[in-house]
Amino acid sequence: MTKNEILTKKIKLSNGVLMPQFGLGTYLMENENEAYKAVMVALENGYRLIDTAQYYNNETEIGRAIKDFLKQHPEVTRKDIFITSKIWNTDHEYDKAKKAFFAILKRLQVDYLDLCLIHWPTKNRYQCWKFLEEAYQEGKVKSIGVSNFKIHHLEAFLKQVKIKPMVNQIETHPGFNQLDVVNFCHKNNIAVTSWRTMMAGKTDEIPLLVALAKKYQASTIQIALKWAWQLNEIIIPKSVTPKRIIENPNIGNFSLTDKEMAEINQLPQKRLGPDPDDKKVWKDLID
């Protein structure tokens, strides 16, 4: 596959919406104009999926970048760009979720979101979902989903909600594959988006990835991205460096063998981000 084919490949969500499989993550892009510049570079180089969140504090910059890009490229329309955002944990009560959602639209300068997620499984997640179901039915958001939900969260959720989540965005990488959650989601027709796929720069510390990178004349980061890609996960690598934003999608000229995928899946497993069930982290926000 060419780089362009990687960037234009889409995954069909359970409601028929087509979501690009490769996009730009924007977590920790908080410095002035950092998100703006990164999004502009990404869009100029064929990216059409931008992932942000209320918590990232960069939606205004991202909205400005998208608006300026569309102005400069009349051949591209708003419908061509897939925007994901997330409602933060302290705003999961119904009224707060509604207010937070419309504030997201305002900051991004858009009339609708392509995908909106519950950021973490808080005790008020059902109230937030009730609002998202209504926003979805009204066309204010084209798809709705969750983030950081484990199997036990999903099992309870699927029994209680009217509209099932179309996406679950979770931490997955060679050092923490969460294949049980990924397989559960795919079995239930829930697409998986991977975050921290590049292991926060720790891929070079894994000898297997170093060996595979040498074999395929790629970077260890590209090996990690291709691993997630071959698991049919949506990947959103974050970078503010133009060179890396341009290079990251260059994963189409090699394929990992079944044996290599299995070897990666057998690596020691350790979560790098917070555990959704950790009361020390989330205190009274979770059940």
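Everything numeric in this text was worked out from a predicted model, so none of it was measured.

(A) Representation of the nonpolar core within the structure. Judged by nonpolar contacts, the single largest core of 87 residues is most densely connected at Phe101 and Leu132. Counting residues per element, this core draws most heavily on helix 2 (residues 34-44), at 8 residues. Excluding residues within four positions of it along the chain, Phe101 makes contact with Ile87, Leu113, Cys116, Phe131, Leu132, Ala135, Lys140 and Val141.

(B) The arrangement of unusual backbone geometry in detail. Unusually for a residue other than glycine, Met199 sits at a positive phi of about 60°. Assignment of secondary structure puts Met199 in the loop between strand 9 (191-195) and helix 8 (207-216). Phi at Asn232 is positive, roughly 65°, even though this residue is not glycine. Here Asn232 shows up in the loop between helix 9 (220-230) and strand 10 (234-235).

(C) Looking closely at the pairing of strand 7 (residues 144-147). Alternating positions in strand 7 separate into two faces, Ile144 and Val146 on one and Gly145 and Ser147 on the other, with burial throughout. Looking at chain direction, strand 6 (residues 115-118) and strand 7 are connected through 3 bridges and run parallel. Within the sheet, the bridge partner assigned to Ile118 lies in strand 7 and is Val146. Since strand 6 and strand 7 lie parallel, the crossover through helix 5 (residues 125-137) that links them has a hand, and here it is right-handed. As paired elements, strand 7 and strand 8 (residues 167-171) share 2 bridges and run parallel to each other. Considered in strand 8, the bridge of Val146 is made with Asn168. Since strand 7 and strand 8 lie parallel, the crossover through helix 6 (residues 151-160) that links them has a hand, and here it is right-handed.

(D) How the structure looks around the pattern of salt bridges. Per the stated rule, a full pass over the model turns up 12 salt bridges. Members of the salt-bridge network, linked through shared partners, are Lys150, Asp275 and Asp277.

(E) Inspection of the packing of aromatic side chains at higher detail. Per the counting criterion, the structure on display carries 14 aromatic pairs. Arranged with centres 4.0 Å apart and planes meeting at 20°, the rings of Tyr55 and Trp88 form a pair that is stacked. With a gap of 33 residues between them, Tyr55 in the loop between strand 4 (49-51) and helix 3 (59-72) and Trp88 in the loop between strand 5 (82-87) and helix 4 (94-108) connect regions that are remote in the sequence. Each ring, one from Phe149 and one from Phe157, has its centre 5.3 Å from the other, and the planes form 80°; the classification is edge-to-face. When its relative accessible area of 0% is taken as the criterion, Phe157 is described as buried. Here the aromatic cluster, defined as three or more aromatic residues joined through ring pairs, consists of Tyr55, Trp88, Trp120, Trp195 and Trp282. We note Arg64 situated over the ring of Tyr36; from NZ or CZ to the ring centre the distance is 4.1 Å. The cationic tip of Arg78 hangs over the ring face of Tyr112; the distance from NZ or CZ to the ring centre is 4.1 Å.

(F) Layout of the pairing of strand 8. The buried count for strand 8 comes to 5 of 5 residues, which makes it a mostly enclosed element. Side chains Val167, Gln169 and Glu171 project from strand 8 onto one buried face, and the interleaved Asn168 and Ile170 project onto a second face that is buried too. For strand 8 and strand 9, the ladder comprises 5 bridges, and the chain directions are parallel. Bridge pairing links Gln169 to Thr193 in strand 9. Handedness of the crossover joining strand 8 and strand 9 through helix 7 (residues 179-187) is recorded here as right-handed.

(G) Inspection of the side chain of Thr193 at higher detail. Position of Thr193 among the secondary structure elements: in strand 9. Judged by its relative accessible area of 2%, Thr193 is buried.

(H) The packing of helix 6 against helix 7, seen in detail. Axis separation between helix 6 and helix 7 bottoms out at 10 Å; the angle between their running directions is 20°. By the criterion of interaxial angle, the relationship of helix 6 to helix 7 is roughly parallel. Note on element contacts: helix 7 touches helix 6 through Asp180, Val181, Phe184 and Cys185, opposite Ile151, Leu154, Glu155 and Leu158. Considered class by class, the residues forming the contact of helix 6 with helix 7 number 6 nonpolar, no polar and 2 charged.

Conventions we followed
Along each chain, residue indices are assigned from 1 in the same order as the chain's sequence is written. The predicted nature of this model means local features are confined to residues of pLDDT at least 70 and side-chain atom pairs, given and counted, to a pLDDT of 80 or more, with totals for whole chains, interfaces and linings taken over all residues. The side-chain values count all of the structure's non-hydrogen atoms but skip hydrogen atoms and water molecules. The term nonpolar core refers to a set of buried residues drawn from Ala, Val, Leu, Ile, Met, Phe, Trp, Tyr and Cys, joined through side-chain atoms within 4.5 Å. Residue exposure (1.4 Å probe, protein chains only): buried if accessible area is under 20% of the type maximum, exposed if over 50%, otherwise partly exposed. Secondary structure elements are taken from DSSP: a helix is a run of H or I of four residues or more, a strand is a run of E of two residues or more, and numbering for both begins at the N terminus. Residues are treated as being in contact if the distance between any of their heavy atoms lies within 4.5 Å. Pairing between strands requires that DSSP locate at least two bridges from one strand to the other. Handedness is read with the strands pointing away from the viewer; a crossover is right-handed when the path from the first strand over the helix to the second is clockwise. Here a salt bridge means any side-chain nitrogen of Lys or Arg lying within 4 Å of a carboxyl oxygen belonging to Asp or Glu. Planes of paired rings set the category: under 30 degrees apart is stacked, over 60 is edge-to-face and the rest tilted, where pairs are Phe, Tyr or Trp rings (Trp by its six-membered ring) whose centres lie within 6.5 Å. In this analysis the charged atom, NZ for Lys or CZ for Arg, is taken to sit over a ring once it is within 6 Å of the ring centre and within 35 degrees of the ring normal. For helices, the fitted line uses only the C-alpha atoms of the stretch in contact; every axis is such a line through C-alpha atoms, and the angle between N-to-C directions lies from 0 to 180 degrees. To sort the angles, those under 35 degrees are grouped as roughly parallel, those over 145 as roughly antiparallel, those from 65 to 115 as roughly perpendicular, and the leftovers as oblique. Polar here means any residue other than Ala, Val, Leu, Ile, Met, Phe, Trp, Tyr, Cys and Pro, which are nonpolar, and Asp, Glu, Lys and Arg, which are charged; Gly is therefore polar.

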